[in-house]
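The lines below spell out each chain.
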Amino acid sequence: TFDTKRTDPESDSDSERGFNIPLAKLRFSGKLDSTVDFMFEPGFTRTGESALYNAYAGLTVGEGSRFQVGQFKLPFLHEDSVEDRYQLAADRSVMSYVFGQGYSQGVQFSYSADEVRLFAAFSDGFNTANTEYTDPSESDNAITLRGEFTFFGENNSYNDFTSAMNQDDSMVGGVAFHYQDGTTQDAMYTYTADLAYESNGFNVFAAGVGRNIEEANNSFDDFGASVQAGYRVNDIIEPFARYDVVFSDEGRGLSND
C-alpha cells in the first residue's frame, strides 16, 4: 500500500509519503494422511515485527466432523474469519477491528454438511495470540459457538466476498455467540448475525454485532453494523462500497463522533 500521512493537519508543508507491506505472511500447510492436516503461518505485523498467526493441527474423525488444536481464529465474526486475500477491500472494516475475535489458542470441533456448518471452540479468549497460559490477559473460561446455514447455492461461496461472473445464486447466513471471563478479566459475552448473497458477479454482505462487558462497578453495551456490496464488471475489475458503524455505550464517555 502507498500511504500519505500529514503530521500537521493545518498545513501541507509537513507530510510523509511512503510504502508499507502490512499483511505479509508465509503459509505452510498440507496433509500427513487422509485424516490429519496442519497449518503453520508466520508473518510480520504492521510495525515490521515477526509474529505467528495460524499454527494448528486438525484431525478428521468422521464424515464432516473434525477436531482442531493449536492457534487459529475463533469462529465468531465472519468478516474477521475470511482470509486477508479474500476480502474486497485492502483492509477489514472498523467494526471488525473493534469486535473481531483475532487469533486464540484452544481446541475446536466442527461439523460440515451440504447446508449446515457448526463450530464449537474452547479457548483462551479473543485476541490472545502468542500468549502464555498464565498471562493475565487470557480468559479462564472462553467458549465460542457458531452456526452457518446455506439457504440456496453452494456454502463454499461463503469463504470469500466476491462473486464469479458466471456464478449461480447463493445465499448463506450465520449466527454466533461467545462468552469469556477470568480472575483478572471482566466477564464478556458477544453475539453476531450475518447474511451474504452472491450471483453472476454481484455480491452483498451485511452483519450486526452486540457486546456486553461486566466490570466490577460498570456494565457496557456496544453495538456495530456493516454492509458492503460489489459487482464484477469483468475478470479483473470489481468496484465495491462498504459502510460500517460502531455504537459505543454512553457510559464509556466517548465523543458522539
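Just so it is clear, the model here is predicted, and its values are computed rather than measured.

> Honestly, a nonpolar patch on the surface in this entry has me stumped. Any pointers?
A grouping of Leu59, Val61, Phe67, Phe109, Tyr111, Leu118, Phe149, Phe151, Phe152, Val175 and Leu195 is seen on the molecular surface, where their side chains present a nonpolar patch of about 950 Å² in accessible area. Those elements that place two or more of their residues in the nonpolar patch are strand E5 (50-62), strand E7 (103-112) and strand E9 (141-152). For the nonpolar patch, the element with the highest residue contribution is E9, accounting for 3 residues. In this fold, Phe109 is placed in strand E7.

> Honestly, a negative patch on the surface in this entry has me stumped. Any pointers?
A cluster of acidic residues, Asp114, Glu115, Glu154, Asp168 and Asp169, forms a negative patch at the surface. Within the fold, Glu115 resides in the loop between E7 and strand E8 (116-123). By relative accessible area, which is 56% here, Glu115 ends up exposed.

> So what exactly am I meant to see when it comes to the pattern of salt bridges here?
Where charged atoms of side chains with opposite charge meet at close range, the side chains can pair. Inspection of every chain in the model, using the stated rule, returns 15 salt bridges. A salt bridge links Arg92 to Asp84; its shortest N-O distance comes to 2.7 Å. Owing to a relative accessible area of 23%, Asp84 belongs among the partly exposed residues under this scheme. One salt bridge connects Asp222 with Arg211, and the closest N-O pair in it is separated by 3.2 Å.

> Hey, could you run me through the pairing of strand E13 (residues 219-231) in this one?
Regular strands place side chains that alternate from one sheet face to the opposite one. Burial along E13 is one-sided: the residues Phe220, Asp222, Gly224, Ser226, Gln228 and Gly230 are buried and none of Ser219, Asp221, Phe223, Ala225, Val227, Ala229 and Tyr231 is. Bridging between strand E12 (residues 202-214) and E13 involves 13 bridges; their strand directions are antiparallel. Bridge pairing in E13 places Asn203 opposite Gly230. Adjacent in sequence and paired antiparallel, E12 and E13 are bridged by 4 residues. Sheet topology note: the E13/strand E14 (residues 240-247) ladder contains 8 bridges and is antiparallel. Its bridge partner lying in E14, Gln228 is registered against Arg242.

Rules used throughout
Starting from 1, residues in each chain are numbered consecutively following that chain's sequence as written. For a predicted model such as this one, the threshold for reporting local features is a pLDDT of at least 70, and the threshold for listing and counting side-chain atom pairs is 80 or more; totals across whole chains, interfaces and linings nevertheless cover every residue. Hydrogens and water molecules were not included; the side-chain quantities draw on all heavy atoms of the structure. What makes a patch is a set of residues exposed beyond 30% relative accessible area and free of salt bridges, joined within 9 Å when like-charged and within 5 Å when nonpolar (Val, Leu, Ile, Met, Phe, Trp, Tyr). In short, Shrake-Rupley with a 1.4 Å probe defines the accessible areas, and a residue's cover is counted only from the protein chains shown. When a carboxyl oxygen of Asp or Glu is within 4 Å of a side-chain nitrogen of Lys or Arg, the pair counts as a salt bridge. Think of it this way: any DSSP run of H or I at least four residues long counts as a helix, any run of E at least two long counts as a strand, and we number them from the N terminus. As used throughout, the charge tally considers Lys and Arg to be positive and Asp and Glu to be negative, leaving His and the chain termini uncounted. By convention, the point assigned to a charge is CZ for Arg, NZ for Lys, CD for Glu and CG for Asp. Partly exposed describes any residue whose relative accessible area lies between the buried limit of under 20% and the exposed limit of over 50%, with all areas from a 1.4 Å probe on protein chains only and scaled to the type maximum. Criterion used throughout: strands pair if DSSP finds at least two bridges between them.

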